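Residues per chain are reported as follows:
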Amino acid sequence: MFGSGSPRRELRRLNRLELHVTHACNLACESCSHYSNHGHAGNLDLVEADRWMAAWSDRLEMEEFCLLGGEPTVHPRLSEFVPLVRRHWPEARIRIVTNGFLLARHPDLPIRMKAAGNCDIALSVHHDASSYRERLQPSMDLLERWQNEYSTVVHTWLSHGVWTRRYLGSGAAMLPFEDGNPRRSWEICPARHCKQLFEGKIWKCAPLAYLGLQKAKYDLSDKWDPYLGYAPLEPSATDDELDRFLALEDEPVCAMCSAEPRRFSLPNPLRGASESAPQSSGSR
């Protein structure tokens, strides 16, 4: 019992929760599962983010809280999200998922990360073309300095080698797969444990959370209507509703994604680039 006279609410365990600090991205990765290749914009206000987190921090504990986008380093106040997350979830690992190109804009980021503790950077490398690597090298050098000076933990993901197609086409011509096997779609989904905190609600995955951005920008086919009708978990949800949501695996909306890994060679995502190189297989 606490001073209020009410028993403390039991915290539910979540492996991972992701937050878009911005919808904008400096790259254009074909078939991005967050639709970041479609030129969306908008930075999340810190006050609004605080409100979203506060609605869940007394109900959820988690292994990992990810700050991403879009490309999180596009947000001019990225580093301020680190202590904000730490205040709401003192024990969670804070991970910043970035393509790295704009890290130099945030010289205070390693300082904030070190102060918060249990933070790391996940550098996602989206191509192995020489032009891409040359552009990325200054950021790699910067990360090495941060590692030496601030003990910044950096993990490098070769995302270009594990890329799959997440929908058919793009823009207004984009279509869901609808292979007729949502269970299989869920089983192979690399985002099946990547719930999203968006608009104060918790969403099953990024393709569902940000599909509305696509609808607002493009005249999408009515084939998307069943998925646009997905209802995320509201902060007003009961504990039983929260438990059911966290336990849910496949459901009909999973049919929007492929039921098999559709691997393809990702073109160079540098905007305006035409150079591409063979990629290895895998799933994203």
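Below you will find a few notes about this structure.

Rules behind the numbers
- Residues numbered from 1 in each chain as written.
- Predicted model: local features only at pLDDT ≥ 70, side-chain atom pairs only at ≥ 80, totals over all residues.
- Heavy atoms only, no water.
- Helix = DSSP H or I, 4+ residues; strand = E, 2+ residues; numbered from the N terminus.
- Buried < 20%, exposed > 50% of the residue type's maximum accessible area, 1.4 Å probe, protein only.
- Pairing = 2+ DSSP bridges.
- Axes fitted to C-alpha atoms, helices over the stretch in contact; angles between N-to-C directions.
- Contact = heavy atoms within 4.5 Å.
- Right-handed = clockwise from strand over helix to strand, strands pointing away.
- Salt bridge = Lys/Arg side-chain N within 4 Å of Asp/Glu carboxyl O.

### Things to note about unusual backbone geometry
- With a phi close to 65°, Ser-31 is a non-glycine residue in the positive phi region.
- Looking at the element boundaries, Ser-31 is found in the loop between strand S1 (12–20) and helix H1 (46–54).
- The backbone of Asn-118 shows a phi angle near 55°, a positive value even though the residue is not glycine.
- Within the secondary structure, Asn-118 is located in the loop between helix H3 (109–116) and strand S4 (119–124).
- Given the relative accessible area of 44%, Asn-118 is considered partly exposed.

### Brief notes about the sheet that holds strand S2 (residues 60–68)
- Judged by pairing direction, the sheet is mixed, and its 7 strands sit side by side in the order S5-S4-S3-S2-S1-S6-S7 without closing on themselves. Each of the sheet's edge strands pairs with one partner strand only, and the pair in question is strand S5 (153–157) and strand S7 (201–203). In this sheet, neighbouring strand axes are inclined to one another by 30° on average, regardless of whether the strands run parallel or antiparallel.
- Here 4 bridges tie S2 to strand S3 (residues 93–98), and the two strands are oriented parallel to one another. In the sheet register, Cys-66 faces S3, and the bridge partner there is Arg-95.
- Against the sheet, helix H2 (residues 78–88) contacts S1, S2, S3 and S4, and its axis sits at roughly 155° relative to S3.

### Description of the pairing of S1
- Counting buried positions along S1 yields 7 of 9 residues, so the element is predominantly enclosed.
- Across 8 bridges, the pairing between S1 and S2 is parallel. Within S2, the position partnered with Leu-19 by the bridge is Leu-67.
- Handedness of the crossover joining S1 and S2 through H1 is recorded here as right-handed.
- As paired strands, S1 and strand S6 (residues 195–198) are joined by 3 bridges and run parallel to one another. Each bridged residue has a counterpart across the sheet, and for Leu-19 the counterpart in S6 is Leu-197.

### Observations regarding the pattern of salt bridges
- Scanning the entire structure with this criterion turns up 23 salt bridges.
- Ionic pairing is found between Glu-63 and Arg-13, a salt bridge with its closest N-O pair at 3.0 Å. On the criterion of sequence distance, the pair formed by Glu-63 in strand S2 and Arg-13 in strand S1 is long-range, its members being 50 residues apart.
- The exposure class assigned to Arg-13 is partly exposed, which follows from its relative accessible area of 45%.
- Here the salt bridges share partners, and the residues they tie into one network are Arg-13, Arg-16, Glu-18, Glu-61, Glu-63, Glu-64, Arg-93, Arg-95 and Asp-120.

Purely geometric stuff here, so don't read any function into it on its own.
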